[in-house]
There are 2 protein chains.
Amino acid sequence: MKKNVFYAQSGGVTAVINASACGVIETARKNKAKLGRVYAGRNGILGALTEDMIDTTAESARTIAALKHTPGGAFGSARYKLKGLDKNRAEYERLIEVFKAHDIGYFFYNGGGDSMDTAQKVSQLGAELGYPVVCIGVPKTVDNDLPVTDTCPGFGSVAKYVAVSTREAALDVASMARTSTRVFILEVMGRHAGWIAAAGGLAGEAPGEPPHVILFPEIAFDEAAFLARVQESVGKYEYCVVVVSEGTRYADGRFLAEAGGKDAFGHAQLGGVAATVAQLVKAKLGLKYHYAIADYLQRAARHIASKVDVEQAYAMGKAAVELALKGENAVMPTIVRKSDQPYRWGVGKVALAEVANKEKKMPRDFITADGFGITPACRKYLAPLIRGEDYPPYKDGLPAYVSLKNQRVAKKLKSEFVLK
Amino acid sequence: MKKNVFYAQSGGVTAVINASACGVIETARKNKAKLGRVYAGRNGILGALTEDMIDTTAESARTIAALKHTPGGAFGSARYKLKGLDKNRAEYERLIEVFKAHDIGYFFYNGGGDSMDTAQKVSQLGAELGYPVVCIGVPKTVDNDLPVTDTCPGFGSVAKYVAVSTREAALDVASMARTSTRVFILEVMGRHAGWIAAAGGLAGEAPGEPPHVILFPEIAFDEAAFLARVQESVGKYEYCVVVVSEGTRYADGRFLAEAGGKDAFGHAQLGGVAATVAQLVKAKLGLKYHYAIADYLQRAARHIASKVDVEQAYAMGKAAVELALKGENAVMPTIVRKSDQPYRWGVGKVALAEVANKEKKMPRDFITADGFGITPACRKYLAPLIRGEDYPPYKDGLPAYVSLKNQRVAKKLKSEFVLK
């Protein structure tokens, strides 16, 4: 009578999403009396739609434990948003059909706001169709934009990477400024919210310490004010370190990244906010620049993951299974902050409907009045999230990340599902 | 009768150049009977020319020890190449004048090929002018292009950073390829030599493991062959990871970085080899791409420094002082490889004239016949250099890097020296 479990990773992967997978699988294995096999979706939800599932029981306890220190998505993730039930009921029905065929009674969906919406709908439709599925969300997003939960697993490690990298690069630039680069720009992720850029602010502790400027998506880019601040910093300290969010926009809503001119093929250049800012500094101030684009490095950097983040990612996976065993449905475990210093946190829960498709932006009072820095309130919030190091094991100088067998579950359905 | 010591950092700084400074200063302190004060140049050689020197005796033993785990140049470095004696004798005479005024009898110059040339000339001119100065080079360059020595301090840590980052980002891309990015490009340093790009090759061990393509400055860029390889990789593995050296060129000698189109101000775009390659992939193959530019992050990343590199950097600083005490002049200590597996190395020496202004390129047999990968010989050479982790101490989740007082030595000369 035991039902099987389906686990899927969704959206952009992180340095710790596999730690959540580890939490789900290890906790399910500890509750074998109540839970059947844990299947994982190959490439996330696509694996359920196309009946391409991975049997995690083929993996040893040691391999599953190693997921805790392995970045990326061990089963594959997907950028695939299921539309509303009214628009694409067939996809939801297909999920239920596959779950039914494989005797799956539990669905753990590890993702952000979109995924919570999907999990919520699956729960709803399963009940309607007479095949109830317990649907539990497992929070994950480097963007830190899920509401209710104190933070999202994945964010703390990106934050730590960005803070550490900013501090290190700033030491480099400071050493060389007299005869070389004056302005260094680090481009970080965060299309809609400035949480990651804000984390760069942790690099500096005393006034005047880099970064000297942070550009947030929440604050309209003011070219004159920006250039004045860069000039001022170079005047005072000989150099200027800028952390810029990829989502930084002009007052009219255009992304700076869209203003980067034409590429070698004459197409409008995309994704180049650092290049745009650098060229501005060169053209208007005549200062020598360098820029780095952290891109996937920042969210894959398990080697410098935050210990708090790893623990929270694991705890969310574990709590998801425990909530299911307690009879909960259509909920997501959350991280509840109990104190800032020392940082203490516990596990709470929230209905999926409360977090689905909602975005938590930076509060305005986390950004300084001039729009270029973080406030003490922001620092108090962010600082605990990057605490502690949780180094992976190394072999021959490189992190020993695990590879799974990812053995396929035999298909039971004759129908093929064609993805649109 | 004890002479003072002058130490200067030169050129681009590294994650471990301060470990060499630590080796020089600690070894000098242990030999107080024979050596006077250690002065450091503020902003490298500029500090000597402008008589702006730092008295390292003001720093505690604990602070000096902390240099071993602090990236960047603690006293400031400079991109400032002294011209030939025939062209700019005044600068060399000025150095001797400052050394004489401060009773400096030893000059330790921590840099690459250009700096070895300068140290060599100072030694020569001092003797000519009747103020002999013992000039010892301390090797440093992330480019790994100094001859004779097995490797250059600074390189091993960049190599480790690039190998680790490539492995991590590849896991990210592999997880998402089905529905998202197919081609990931990591741009790394190395204007003239492909050593750093080659290190990316360490990320993959078995055939087919990423990176799938490495672009070296030593191999003329063949667009058709490159695109075919990317297509093949995407066909086989669903994705393709490319590590590209900033120095990659077309057969006619132009840098790919120069071919990046126009910026927002209509200027030719520079420094964008990753963007150029990415746009090519998009335009010709229609594949979704992402790219990262490691820039200063790679050479400042003390948090993931190679233990071997840190040890060698320290050993070179220590050996430089010991060579001086043994009566050597115009030499540079070298790293001598004694065996590959296990890696054993010792300290040798070479005349500055043998290393000045010479560049060690990648041997052709370190690059696969197709020009896109590294050979077993290259791997055998590189692998030991990234071995071991040497984590800095952390405080509140961030590396606790040290700041020096950098207290100024009182000027003794009335003449001002104006830099050109």
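Just above sits the structure.
Attention here is on the structure that accompanies the text. None of the values given here were measured: they were computed from a predicted structure. (Residues numbered from 1 in each chain as written. Chains lettered and ligands numbered in written order. Predicted model: local features only at pLDDT ≥ 70, side-chain atom pairs only at ≥ 80, totals over all residues. Heavy atoms only, no water.)

### Quick look at the overall build of chain A
For step 1, the next point in the chain: When you go through chain A residue by residue, the secondary structure sums to 13 helices and 13 strands.
For step 2, the next point in the chain: Since a compact globule built from 420 residues should have a radius of gyration of about 22 Å, the 23 Å found for chain A is in line with a globular shape.
For step 3, the next point in the chain: On the principal axes, the C-alpha backbone points of chain A span a range of 75 × 45 × 40 Å.
For step 4, the next point in the chain: Here chain A holds 420 residues, and the buried ones make up 64% of them. (Helix = DSSP H or I, 4+ residues; strand = E, 2+ residues; numbered from the N terminus. Rg over C-alpha atoms; globule rule 2.2 N^0.38 Å. Buried < 20%, exposed > 50% of the residue type's maximum accessible area, 1.4 Å probe, protein only.)

### Considerations on the relation of the copies chain B and chain A
For step 1, the next point in the chain: Take chain B, turn it by 180 degrees, move it 0.0 Å along the axis, and it overlays chain A with an RMSD of 0.0 Å. Such values leave the two copies arranged in the relation of a two-fold axis.
For step 2, the next point in the chain: The residues that chain B uses at the interface reappear at the interface of chain A in 100% of cases, marking a shared surface. (Least-squares fit on C-alpha atoms with pLDDT ≥ 70 in both. Contact = heavy atoms within 4.5 Å.)

### A closer look at the pairing of strand 5 (residues 134-139) of chain A
All names here are of chain A.
For step 1, the next point in the chain: In terms of burial, strand 5 is a largely internal element, 6 of the 6 residues being buried.
For step 2, the next point in the chain: Neither face of strand 5 is left uncovered, since the one carrying V134, I136 and V138 and the one carrying C135, G137 and P139 both have all their residues buried.
For step 3, the next point in the chain: Here strand 4 (residues 104-111) pairs with strand 5 via 6 bridges, running parallel. Each bridged residue has a counterpart across the sheet, and for N110 the counterpart in strand 5 is V138. (Pairing = 2+ DSSP bridges.)

### Details of the state of the cysteines
For step 1, the next point in the chain: Going through the model one piece at a time under the given rule, you end up with 0 disulfides over all chains.
For step 2, the next point in the chain: Unpaired in terms of disulfides, C152(A) finds its nearest cysteine sulfur in C378(A), a separation of 15 Å. (Disulfide = S-S within 2.5 Å.)

### Things to note about the interface of chain B and chain A
For step 1, the next point in the chain: Counting from both sides, the interface comprises 73 residues of chain B and, opposite them, 74 residues of chain A.
For step 2, the next point in the chain: Applying the counting criterion to the chain B and chain A interface returns 4 salt bridges.
For step 3, the next point in the chain: D396(B) serves as the salt-bridge partner of R387(A), at 3.8 Å between the closest nitrogen and oxygen.
For step 4, the next point in the chain: Across the contact surface, chain B and chain A share 25 residue pairs in polar contact (both at pLDDT 80 or more).
For step 5, the next point in the chain: For the side of chain B that touches chain A, the elements supplying multiple residues, two or more each, are helix 6 (155-176), strand 6 (183-188), helix 9 (273-285), strand 9 (289-293), helix 10 (295-300) and strand 13 (398-399) of chain B.
For step 6, the next point in the chain: No other element matches helix 6 of chain B, which puts 13 residues into the side of chain B that touches chain A.
For step 7, the next point in the chain: Class assignment for the residues of the side of chain B that touches chain A results in 35 nonpolar, 22 polar and 16 charged. (Salt bridge = Lys/Arg side-chain N within 4 Å of Asp/Glu carboxyl O. Polar contact = N/O pair within 3.5 Å; in protein donor to acceptor, adjacent residues only side chain to side chain. Nonpolar A, V, L, I, M, F, W, Y, C, P; charged D, E, K, R; others polar.)

### Some thoughts on the nonpolar core
It is characteristic of soluble globular proteins that their nonpolar side chains tend to be buried jointly.
For step 1, the next point in the chain: Of all hydrophobic cores here, the largest spans 163 residues; its most connected members are F108(A), L67(B), F75(B) and F108(B).
For step 2, the next point in the chain: Counting 55 residues, the second largest nonpolar core, distinct from the first, contains I185(A), F372(A), L287(B) and I293(B). (Core = buried A, V, L, I, M, F, W, Y, C linked by side-chain atoms within 4.5 Å.)

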